[in-house]
Amino acid sequence: MSHVETFVGRSVTKHALVLGGGGVAGIAWMTGVLAGLAEAGMDVTGADLVVGTSAGSTVAAQLGSGLSLDELYARQVDPALQNKEIDPGVDLESYVANLADVLDGVSSSLEIGRRIGALALAADTVPEAERRAVIASRLPSHEWPSFKLKIVAVDAETGEPRVFDNSSGVSLVDAVAASCAVPMIWPPVTIDGRRYVDGGIRSTHNADYAADYDKGVALLPMGVTQLVPSQDLLLPSWGDDMTITPNEASAEAIGTTPLDPSTRAPAAKAGRAQGLEIGTLSDVDLREGLSGSS
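Residue numbering note: each chain is counted from 1, following its sequence as written. Only residues with pLDDT of at least 70 are given local features in this predicted model, and only at 80 or more are side-chain atom pairs given and counted; all residues enter the totals for whole chains, interfaces and linings. Excluding hydrogens and water, the side-chain figures rest on all heavy atoms present in the structure.

A. Representation of unusual backbone geometry in the model. Residues other than glycine seldom take positive phi values, yet Met184 does so here, at roughly 75°. If you trace the backbone, Met184 turns up in the loop between α7 (172-179) and β7 (189-191). In this structure, Asp192 takes a positive phi of about 50° despite not being glycine. Secondary-structure assignment places Asp192 in the loop between β7 and β8 (194-198). Secondary structure is summarised from DSSP: a helix means a run of H or I of at least four residues, a strand means a run of E of at least two, and numbering begins at the N terminus for each.

B. Main features of the environment of Trp186. In this fold, Trp186 is placed in the loop between α7 and β7. Sequence separation between Trp186 and Arg131 is 55 residues, and the spatial gap between their C-alpha atoms is 7.2 Å. Those residues in contact with Trp186 that sit more than four places away from it in its chain are Ile86, Pro88, Thr125, Val126, Arg131, Cys180 and Ala181. Contact criterion: two residues are considered in contact whenever any of their non-hydrogen atoms come within 4.5 Å of each other.

C. Structural context of the packing of aromatic side chains. Stacked, tilted and edge-to-face pairs are distinguished by plane angle, under 30 degrees for stacked and over 60 for edge-to-face with tilted covering the rest, among Phe, Tyr and Trp rings (Trp via its six-membered ring) whose centres lie within 6.5 Å. Applying the stated criterion across every chain yields a total of one aromatic pair. Their ring planes at 80° and their centres at 5.5 Å tell us that Phe164 and Tyr196 sit as a pair that is edge-to-face. Remark: Tyr196 occurs in strand β8 and Phe164 occurs in strand β6 (residues 161-165); sequence separation between them is 32 residues. Note on exposure labels: buried denotes an accessible area under 20% of the residue type's maximum, exposed denotes more than 50%, and partly exposed covers the range between, all computed with a 1.4 Å probe on protein chains only. Classification of Tyr196 as buried rests on a relative accessible area of 4%.

D. View of the environment of Asn166. Locating Asn166 in the fold gives a position in the loop between β6 and α7. In this structure the C-alpha to C-alpha distance between Asn166 and Ile151, which are 15 residues apart in sequence, comes to 9.4 Å. Beyond its immediate sequence surroundings of up to four residues, Asn166 is in contact with Trp144, Pro145, Phe147, Lys148 and Leu149. Among the polar contacts made by the side chain of Asn166, one reaches the main-chain carbonyl oxygen of Pro145 at a distance of 2.9 Å. Polar contact criterion, stated in full: a pair of N or O atoms within 3.5 Å, where within protein one must be able to donate a hydrogen and the other to accept it, and residues adjacent in sequence count only if both atoms are side-chain atoms.

E. Representation of the nonpolar core. Here, nonpolar core refers to any group of buried Ala, Val, Leu, Ile, Met, Phe, Trp, Tyr and Cys residues whose side-chain atoms link them within 4.5 Å. Counting 51 residues, the largest nonpolar core has Leu17, Leu19, Leu63, Phe164 and Leu219 as the members making the most contacts within it. At nine residues, the largest contribution of residues to this core is made by helix α1 (residues 23-39). Excluding anything up to four places from it in sequence, Phe164 contacts Trp144, Leu149, Lys150, Ile151, Ala153, Val170, Ala175, Ala178, Ile191 and Tyr196. Core analysis: the second largest hydrophobic core is formed by 18 residues, Ile185, Trp186, Val197 and Leu227 among them.

F. Fine view of the side chain of Arg272. Mapped onto the elements, Arg272 comes out in helix α9 (residues 264-278). A polar contact is formed between the side chain of Arg272 and the side chain of Asp70, at a distance of 2.9 Å.

G. Broad picture of the packing of helix α6 (residues 128-138) against α7. Put simply, α6 and α7 touch, their axes get as near as 9 Å, and they point 110° apart. What the angle tells us is that α6 and α7 run roughly perpendicular. Here α6 runs over α7; the crossing is right-handed. Together, Arg132, Ile135 and Ala136 of α6 and Val173, Asp174, Val176 and Ala177 of α7 make up the contact between the two elements. The nonpolar class holds Ala, Val, Leu, Ile, Met, Phe, Trp, Tyr, Cys and Pro. Asp, Glu, Lys and Arg form the charged class, and all remaining residues, Gly among them, are polar. For the contact of α6 with α7, a count of residues per class yields five nonpolar, no polar and two charged. Orientation is described by lines fitted to C-alpha atoms, with helices fitted over the stretch in contact, and by angles between N-to-C directions that extend from 0 to 180 degrees. Working definition: roughly parallel below 35 degrees, roughly antiparallel above 145 degrees, roughly perpendicular at 65 to 115 degrees, and oblique for all remaining angles. Each crossing is labelled by how the near helix is turned from the far one, with a counterclockwise turn of less than a right angle marking it left-handed and a clockwise turn marking it right-handed.

H. Representation of the pattern of salt bridges within the structure. Between Lys or Arg on one side and Asp or Glu on the other, a salt bridge is scored when a side-chain nitrogen of the former is within 4 Å of a carboxyl oxygen of the latter. Scanning all chains against the criterion turns up ten salt bridges. Two residues, Arg272 and Glu39, come together in a salt bridge whose shortest N-O distance is 2.9 Å. Note that Arg272 is positioned in helix α9 and Glu39 in helix α1, a separation of 233 residues in sequence. With its nearest N and O atoms 3.4 Å apart, the salt bridge here joins Arg194 to Glu157. Linking Arg194 in strand β8 with Glu157 in the loop between β5 (148-155) and β6, this pair joins segments that are 37 residues apart in sequence. Residues joined by salt bridges that share partners form a network here, namely Glu39, Asp70 and Arg272.

I. Expanded view of the pairing of strand β4 (residues 49-53). Among the five residues that make up β4, five are buried, leaving the element largely enclosed by the rest of the structure. Residues of β4 alternate between two faces, with Leu49, Val51 and Thr53 on one and Val50 and Gly52 on the opposite face, all of them buried. Strands were regarded as paired on the criterion that DSSP finds at least two bridges between them. Bridge count between strand β3 (residues 15-19) and β4: four bridges; the pairing is parallel. By the bridge assignment for β4, Ala16 is matched with Leu49. Where β4 meets β5, five bridges bridge the pair, whose relative direction is parallel. Within β5, the position partnered with Leu49 by the bridge is Lys148.

This is the structure we're talking about:
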């Protein structure tokens, strides 16, 4: 179904912004890319829908805080403005390999969620309150934004996805914390008596929740690679140019330990440079797709 509304004979195209998972480095990189695009005259933050998963849920919530992109960027690159994070000392490649071993022979999405959820519930992590405080410190505002926002997490017991939005009656901090609860690294998040883990175990982007929007931009810090290799939800058919993944410099800045807080400044700077580079493209269709013009 196409999300096109008509007013007095004029078609209005609906745009989506998809922000994927990728740790604190991913938060920084996406913030940098968005700032670079805006600096180049291609601000994509006015989308009709924003879908945020894990790191992307943090960026999405920050976009609704009232701070400008330049101010959000400064919070990533200026040590005096950076929030306090916890470094779990995890190498992403090893983590993904371990997940693949755990899930060997499992193909059902729900069974994948249940199996990972069980491991997450049994894991020895920092206390839930301590982790929640970190998430709260990331968000300049704890109020849901005025734009339509979908934040994706997974029920640790049932394996089913849960989409939190502006009308869910759930705290924005709790929704973001749930989406960012990387299993076996951070504690599952308790909401209304249920425990939730990172939405990235369903998909690193969950872009299918925006599939009925006509145009969109997806920022994917982890590229098209899935946190759980057996999960393979496709991106909407907006065109390859609408998917932005790290270039060589950005990938190097993000590195293999994207949960390491020291990656924030280099990832943000590389992302901003990449956004500016994209802004030099002359393709009219691409520019219109990125800027949300119709």
